[in-house]
Amino acid sequence: MKLKKLFAPVLSLSLLLPTMVSAAGAPPAATVDTPAIELRAGLDYLLSEHFVLAVAAMMKAYDGSKDAAAAYQALDQNALDMQPAIESLYGKAGGEEFERIFRAHNKFTDDLVMATKAKDNGARQKAEQEVQGFVTEFAGFLSTATEGNLPKAAAEQAIRSHEDHVQQTFDAYIAGNYTEAYSTYREGYKEMFAISKVLSNAIVTQMPMKFNQTKVDTQAADLRSALNSVAAEHFALSALEMQKQFDGKADYTALINAEAGNTADFKAAVASVYGAAGGDAFEKIWVGNHINAQSDYVNAVKNRDATAQTAVLTRIQDFTQELGAFLGSATAENLPTAAAQASLKAHEAQVQSTFDQYAAGKYTDSYATNREGYKTMFAVGKGLSGAIVAQFNEKFMEAAAPSSMTTVWMKLNSKVLNINGATTMMDTTPMNWNGVVYIPLRYLGEGIGAEVKYDPKTNSVWVMAGQDTLKFWIGKSVMEVNGMQKSVGAKVFINEDGRTMVPLRFIAELLQWNVAWNQSEGLITLTK
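This text gives an overview of the structure that appears in the document. Given the structure is predicted, the values throughout are model-derived calculations rather than measurements.

Let us look at the sheet that holds strand β11 (residues 493-494). Consider a sheet: its strands pair through backbone hydrogen bonds, and that pairing is either parallel or antiparallel. Strand order in this open sheet of four strands is β4-β5-β12-β11, and the pairing throughout is antiparallel. Taken across any chain shown, the strands that pair with only one partner, and hence form the sheet edges, are β4 (431-433) and β11. In terms of strand pairing, strand β5 (residues 436-440) meets strand β12 (residues 500-503) through three bridges, oriented antiparallel. Residue pairing in the sheet places I439 in a bridge with V502 of β12.

Take a look at the structure:
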């Protein structure tokens, strides 16, 4: 798996190019709101916020800033906020193990900062080794949790790349190479969205029924993630730039340049949907009474100029009305103008409150508001992407799945049998006995279109599947396939419901079906 290809940011929406829809069958309407896309968006939010807070905490700690403790507390809370999501997927033990590994690595990066500041090379090397230990351990955790759907080598490569971006941003910052620092920052930030796509895909592949067999890699999902990325990055850069400008830090001009890069990306995304003229119109509104106004607001607060503050806030209010009207018009009111204006007003209020609290020395409050504001941008991304997909739905439709594909779903201790979305009730349940997963042969036969017969004279069961004939004997661990004897690996038996139970993996693989077994959920998915 090549990381450069894997981590390429998705920003070009390519809606100006014609899209062909398969004539083989009408695909379902495109949407940005499915269980799989929600999982990806949730990981987009938490993983990218981790990067943003990690870099900020390292900078603040190195500088000895008064808000350093509050920055680290926000970073630690981000890790704690991830734990419930992991627990919902992998149980309490999985959630606790995640928390143990992930929270510790935040401390390792803090140790690295302190060692660097003290010019203690030995301590820095120890911290770097601890970080590498985290990379290895966390990759193993993810690979094991996803049952190999995210291979350990790929996970380790991705996590190592993330840690490299964090450390390289920090090293460039303390060396005074601010342009390089924020260039690396932006690369590392975008990488988190690619990681969330890969991780969410592994989880959905592992648990298809939990996510209603929806996908994380649709065009609509990519659009939502792209808009999440540029919108949230805007908030993160604005909040940090305003702090740095207020404190008179030397890197604030490099942050302004980073914001310009974010603006260019946002403009490109808008232009790819609405053309160059649309991109130009967006940029004009976005910069004048918005990006520039935020910088002017900092100067007004710093100079304690109440009149100037009021004038700037009036400009920002004008911006929310103008951009809201632009978005409402551009999306043909699929994003209503009033809703867009209200959302932008709420965003600007969070930007202002984050800064006002910081300037007043209320650092814990400031970082709490910062986190709320950052999260809000993902609602903005969802709303805008949803409007665009509704407006140009045909262009986001995915090709219909091949009609020849069959999916059979069962669950341990459940009588529900789902075949290609159609649900029926069995009179028995799959079970785990002596560490082997067994499924009822008759219902497997019905699921795969085979004929099943029981011969009481020989106490045997026959399965006719296409050109193959299978024969099982109750109480034995051998069978015949087209007259050739094979080992089943475990005894076939009749359960208390009178149904013949056979080992899942052996029989399914024998018939060349793909088996997905989710141990934590007890989910069995067969596809062919």
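Between helix α5 (residues 152-174) and helix α6 (residues 178-206), the least distance of the axes is 8 Å, while the angle of their chain directions is 160°. When the axes of α5 and α6 are compared, the pair comes out roughly antiparallel. Note that α5 runs across α6; the crossing there is left-handed. Counted together, A158, S161, H162, H165, Q168, T169, A172 and Y173 of α5 and Y178, E180, A181, Y182, T184, Y185, E187, G188, E191, M192 and I195 of α6 form the full contact between these two elements. Considered class by class, the residues forming the contact of α5 with α6 number nine nonpolar, seven polar and three charged.

Take the nonpolar core next. One finds F138, Y182, L323 and Y374 to be the most contacted residues of the largest nonpolar core, which totals 100 residues. Looking at this core element by element, the count peaks at 15 residues for helix α8 (residues 252-302). Excluding anything up to four places from it in sequence, Y182 contacts M59, Y173, L240, K244, D251, A254, L255 and A258. In this structure, V408, I507, W513 and V515 belong to the second largest nonpolar core, which totals 31 residues.

For Q213, which is not glycine, the phi torsion reads 55° and is therefore positive. Tracing the backbone shows Q213 in the loop between α6 and α7 (219-247). Since its relative accessible area comes to 38%, Q213 is described here as partly exposed. Positive phi values are uncommon outside glycine, yet N482 reaches one of about 55°.

About the criteria used
- Residues numbered from 1 in each chain as written.
- Predicted model: local features only at pLDDT ≥ 70, side-chain atom pairs only at ≥ 80, totals over all residues.
- Heavy atoms only, no water.
- Pairing = 2+ DSSP bridges.
- Helix = DSSP H or I, 4+ residues; strand = E, 2+ residues; numbered from the N terminus.
- Axes fitted to C-alpha atoms, helices over the stretch in contact; angles between N-to-C directions.
- Parallel < 35°, antiparallel > 145°, perpendicular 65-115°, else oblique.
- Left-handed = near helix turned anticlockwise from the far one by under 90°.
- Contact = heavy atoms within 4.5 Å.
- Nonpolar A, V, L, I, M, F, W, Y, C, P; charged D, E, K, R; others polar.
- Core = buried A, V, L, I, M, F, W, Y, C linked by side-chain atoms within 4.5 Å.
- Buried < 20%, exposed > 50% of the residue type's maximum accessible area, 1.4 Å probe, protein only.

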